[in-house]
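Listed here are the chains, written in short residue letters.
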Amino acid sequence: MRRKPSILLSSAALLLAAGAGDALASGARPAASAPSFLDGGRRVAVERLGPAARGASGGALSPLRLRYPDGRTIHASVGATAIVKVEPGAEGELAGAGLEVVRPLMPSIGLWLVRDAGGGDGLDVAERLQGAARPAFLREAIPDLHVRLEARGAPFTPDDPRLPGQWYFDDLRMEEAWGRTRGDAATSIVVVDTGCDLDHPDLAAKMDPGLDVIDGDDDPTYLPGAEGANHGTACAGLIAADTDNGVGIAGGCPECRLRCVRLLDEEPQPLSASVDAFEFALEVNAAVVSNSWGYAEPMPVPRVVEDAINRLFDAGRDGKGALVLFAAGNDNREIRDDEIQAARGVLNVGAVNHLEEETSFTNRGSSLDLVAPTGTLSTDIAGREGDSPDDYTSLFGGTSSACPVAAGVAALLVSAAPERTAGELYDILIRTARPAPFALPDERGHDPIFGYGIIDPVAALREVLGDEPPPPEPRPPEEGGEDEQAGCACAAAGAPSGERRGLPVAALLGLAAAARRRVTSRAAGA
């Protein structure tokens, strides 16, 4: 499977340390020659690498090297702004601390974008407001750093002509799932990515107003000519392409609505842009937020971004919480427990191939929740800008495609059980997951590559709707029996050399009932 090219996009950078007020108050102010700031209780050392240069947006950006306590180093840049977190209603006191308010970011949790009235940059602000110099009303202060991001799928059979090529929906028994529900127009999915082709024949009728957090306007159209510009359009198609319309492909949640947010670009973008994206999802009452992107250099999730995600998970969708899905990433590496995919409010999605084997690229780790098949066939930018000449591509892949496949399933579940909280729906998706045949689960039923299993829309919908599937039709002896079962065993035994071998299905089913990793803490809001 072709791996999508990286989209380097500096998104919002490091952020402000929520919940680290005590650390801020007690942290010793570093020497002037060794600048640093606190992010979530972590002391991040900063080295300035040279003079400021004008960035693509016209503002001056100073290059930095960030060093975390565990030795990880990240390249970033800083402009004039910082992010602060203040006590409720205390934003009026910022001027007294020498700060000018640029605009609110997520005011419901006290996040504001500010600049130094004295002319310093965002790092100067964060340094000045540490330790004893921190005003009583100020909880956190962090530079609005810029870091690189990268882009990371009775039965109802719709009449979309390309549905037979959507093997990943066949693997998930989506036609049976659509027989139970095809979603609801009240269920809104926000796709945070490179922007979308809003005029695509399989998307135009499904789109509601979106946002471009890069240009600061309400037109989330992709940037023509940019590398990987089709990424967001392909994600949107997998989630909710116009379905049963006699055109193109089917979408995972046929009746659901879509909104696109343009966050990814070839140029660096500030951390505040990520917060803006999640604040938009909060404001429009999104039910599901699909994120097939991550930091190009593996780094701890900036606390301000983590706070924004958790706020969306806790308070979105009229207080029941939005389901925030992230692609695990395509680097074939271990995900650390402090990265964005491991945030409390995130459902972390990996990828399997058409044989339900591990893929060569998917990231792994204790934070991986579920896997989904890669959505290789999806919508493409219409016309010459696309990857293919016919408005559709069969070359999408990676966890970037597995995440929107799972997001469509999540939207079906929200539509079927809108009264359930996000934490409850995460629990159902995990608990009803189908055991992966090549998994080696631990005592909790978790495997670092396959998570708790393969997302199973039919089983999840069966639980929330309380219905039972029709009994399977008996098969003639020549079509089943011991010979067919032996054939299945041989197929598994014939996996490529070096592939992981799984436990018996019965054992996997028993392990699947074990305690889940983060469900309790999520539901409790820990």
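Each remark here, short or long, concerns the structure printed above.
Note that the coordinates shown come from a computational prediction; the quantities given were computed from them, not determined experimentally.

> Can you help me understand the state of the cysteines in this one?
Should the sulfur atoms of two cysteines be covalently bonded, the bond is a disulfide. In the structure shown here, the tally under the stated rule is 2 disulfides. Two residues share a disulfide in this structure: C196 and C260, whose sulfurs sit 2.0 Å from each other. One disulfide, between C196 and C260, carries an S-S torsion of -80° and so falls in the left-handed class. Taken together, the residues span a long stretch of sequence, with C196 in the loop between β12 (188-193) and β13 (211-212) and C260 in strand β14 (residues 257-262) at a distance of 64 residues. Judged by its relative accessible area of 1%, C196 is buried.

> Is there a simple way to think about unusual backbone geometry in this case?
What you tend to see is this: most non-glycine residues have negative phi, and most peptide bonds are trans. At E356, a position not held by glycine, the phi torsion is positive, near 65°. Turning to its location among the elements, E356 is positioned in the loop between β19 (346-352) and β20 (370-373). On the accessibility criterion, E356 (18% relative accessible area) is buried. Non-glycine residue D391 carries a positive phi angle of around 75°. Relative to the helices and strands, D391 resides in the loop between β21 (378-379) and β22 (392-393).

> Mind showing me how you'd approach helix α6 (residues 271-283) here?
Along an α-helix, a turn takes 3.6 residues, which lines up residues three or four apart on a common side. Counted at 1.5 Å a residue, the expected span for α6 with its 13 residues is 18 Å, and the 19 Å between its end C-alpha atoms agrees. By the criterion of burial, α6 is predominantly enclosed, with 12 of the 13 residues buried. Residues of α6 that are buried: L271, S272, A273, S274, V275, D276, A277, F278, E279, F280, A281 and L282. Positive phi shows up at N285, right after α6, with a value of about 60°.

> What's the story with the sheet that holds strand β8 (residues 99-106) in this structure? I'm lost.
Remark on secondary structure: sheet strands pair via backbone hydrogen bonds, oriented parallel or antiparallel. A sheet is described by the order of its strands in space; here 4 strands give the open sequence β8-β9-β7-β10, paired in antiparallel fashion. The sheet is open, and its two borders are formed by β8 and β10 (138-143), each paired with just one other strand. This sheet shows a mean twist of 30° between the axes of neighbouring strands, independent of strand direction. Note that β8 and strand β9 (residues 111-116) share 6 bridges and pair antiparallel. Opposite E100, over in β9, you have R115 as the bridge partner. α6 contacts β7 (81-86), β8 and β9 of the sheet and is inclined by roughly 45° relative to β8.

> Which parts of the structure should I look at to understand helix α9 (residues 422-431)?
Among the 10 residues in α9, 7 count as buried, and that is most of the element. Along α9, the residues classified as buried are A422, G423, L425, Y426, I428, L429 and I430.

Conventions used here
- Residues numbered from 1 in each chain as written.
- Predicted model: local features only at pLDDT ≥ 70, side-chain atom pairs only at ≥ 80, totals over all residues.
- Heavy atoms only, no water.
- Disulfide = S-S within 2.5 Å.
- Helix = DSSP H or I, 4+ residues; strand = E, 2+ residues; numbered from the N terminus.
- Buried < 20%, exposed > 50% of the residue type's maximum accessible area, 1.4 Å probe, protein only.
- Expected span 1.5 Å × (residues − 1).
- Pairing = 2+ DSSP bridges.
- Axes fitted to C-alpha atoms, helices over the stretch in contact; angles between N-to-C directions.
- Contact = heavy atoms within 4.5 Å.

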